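Close look at the chain arrangement
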Amino acid sequence: MIQTYNILSLLLDYPTETLWDNRNDILPTLTADDVLGEDALRSVRTFLDYVATFDNARSWQAAYSDLFDTSTKTNLYLFDMVYGTSRDRGQAMVDLKEEYLKAGLMPVEDELPDYLPMYLQYVASMGSKTEAHAAIDDIRGVLSKMDDRFRKEQHPYEPLIALLKEL
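Residues numbered from 1 in each chain as written. Predicted model: local features only at pLDDT ≥ 70, side-chain atom pairs only at ≥ 80, totals over all residues. Heavy atoms only, no water.

Another point: the overall build of the chain. On a plain count of helices and strands, the chain comes out with 11 helices and 0 strands. The order of helices and strands in the chain, counted from the N terminus, is α-α-α-α-α-α-α-α-α-α-α. For 167 residues, the compact-globule estimate of 2.2 N^0.38 gives 15 Å, and the C-alpha radius of gyration of the chain, at 15 Å, lies within 12% of that figure. Taking the principal axes of the C-alpha coordinates as reference, the chain spans close to 40 × 35 × 25 Å. Burial statistics for the chain: of 167 residues in total, 45% are counted as buried. In the chain, once contacts between residues fewer than 6 apart in sequence are set aside, the share between residues at least 24 apart is 61%. Summed over all atoms, the accessible surface of the chain reaches about 8,900 Å², with 48% contributed by carbon and sulfur. In the chain, the 16 positive side-chain charges and the 29 negative ones have mean positions that sit 5 Å from each other. (Helix = DSSP H or I, 4+ residues; strand = E, 2+ residues; numbered from the N terminus. Rg over C-alpha atoms; globule rule 2.2 N^0.38 Å. Buried < 20%, exposed > 50% of the residue type's maximum accessible area, 1.4 Å probe, protein only. Contact = heavy atoms within 4.5 Å. Areas by Shrake-Rupley, 256 points an atom, 1.4 Å probe, with all protein chains shown as cover. Lys, Arg positive; Asp, Glu negative; His and termini not counted. Charge placed at Lys NZ, Arg CZ, Asp CG, Glu CD.)

All right, on to the side chain of Arg 89 then. Along the chain, Arg 89 turns up in helix H7 (residues 88–102). At 3.3 Å, the side chain of Arg 89 and the side chain of Asp 114 are in polar contact. (Polar contact = N/O pair within 3.5 Å; in protein donor to acceptor, adjacent residues only side chain to side chain.)

Take the nonpolar core next. If you look at the biggest cluster of nonpolar residues, it comprises 56 residues, and the most contacted ones within it are Tyr 5, Leu 116, Tyr 157 and Leu 164. Setting aside residues no more than four positions away along its own chain, Leu 116 makes contact with Leu 12, Leu 76, Leu 78, Ile 139, Leu 143, Met 146, Ile 161 and Leu 164. (Core = buried A, V, L, I, M, F, W, Y, C linked by side-chain atoms within 4.5 Å.)

Relative to the helices and strands, Ser 65 resides in helix H5 (residues 57–69). In this structure, the C-alpha to C-alpha distance between Ser 65 and Pro 15, residues 50 residues apart in sequence, is 9.7 Å. Setting aside residues no more than four positions away along its own chain, Ser 65 makes contact with Tyr 14 and Thr 70.

This next bit is on H5. For H5, with 13 residues, the first-to-last C-alpha span of 17 Å sits near the 18 Å given by 1.5 Å per residue. Every buried residue of H5 is accounted for by Ala 57, Trp 60, Gln 61, Ala 63, Tyr 64 and Phe 68. Down the axis of H5, the smallest arc covering the buried residues is 165°, so these residues share one side. What points out from H5, more than 90 degrees from its buried face, is the exposed set Arg 58, Asp 66 and Asp 69. Where H5 is buried, its residues contact helix H1 (3–12), helix H2 (17–21), helix H4 (38–51) and helix H10 (140–152). Between the side-chain oxygen at the start of H5 and the backbone nitrogen of Arg 58 there is a gap of 3.2 Å, and the oxygen is on Asn 56. (Expected span 1.5 Å × (residues − 1). Arc of directions from axis to C-beta.)

Have a look at this one:
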């Protein structure tokens, strides 16, 4: 399992108390995992500087909800960027869920399969960095569209999207 992708998944998902409590361990762990280059680590530092503006996990959670629950332009759903409301989106969801199951992952039922943090957990489960990079490469076009939207909105989570796009 590649820990970097799990950490990125956690950073992009709704923040937990545990993540808040362990935020100072993120950069050392990412550095030790040796997946990210210096530019990518700088992007994580930029994001963690944003996180440092909060007093506690609850204030970070409130900001997260404000950012992602109120905007349709900047969300973390991969197929929204590709299919929008097309019927093809449903079949793509089914296909992706089957990929997760083949990999031995049990997707959480209260989230759609194309939720980027869930996809990153799938990537983390891969046997090698080469397979993980190939899985990220599969969504690079989507990440580029997502990054464009996040950048236009000056979204604080944009450094993480940009980092994924550049892997």
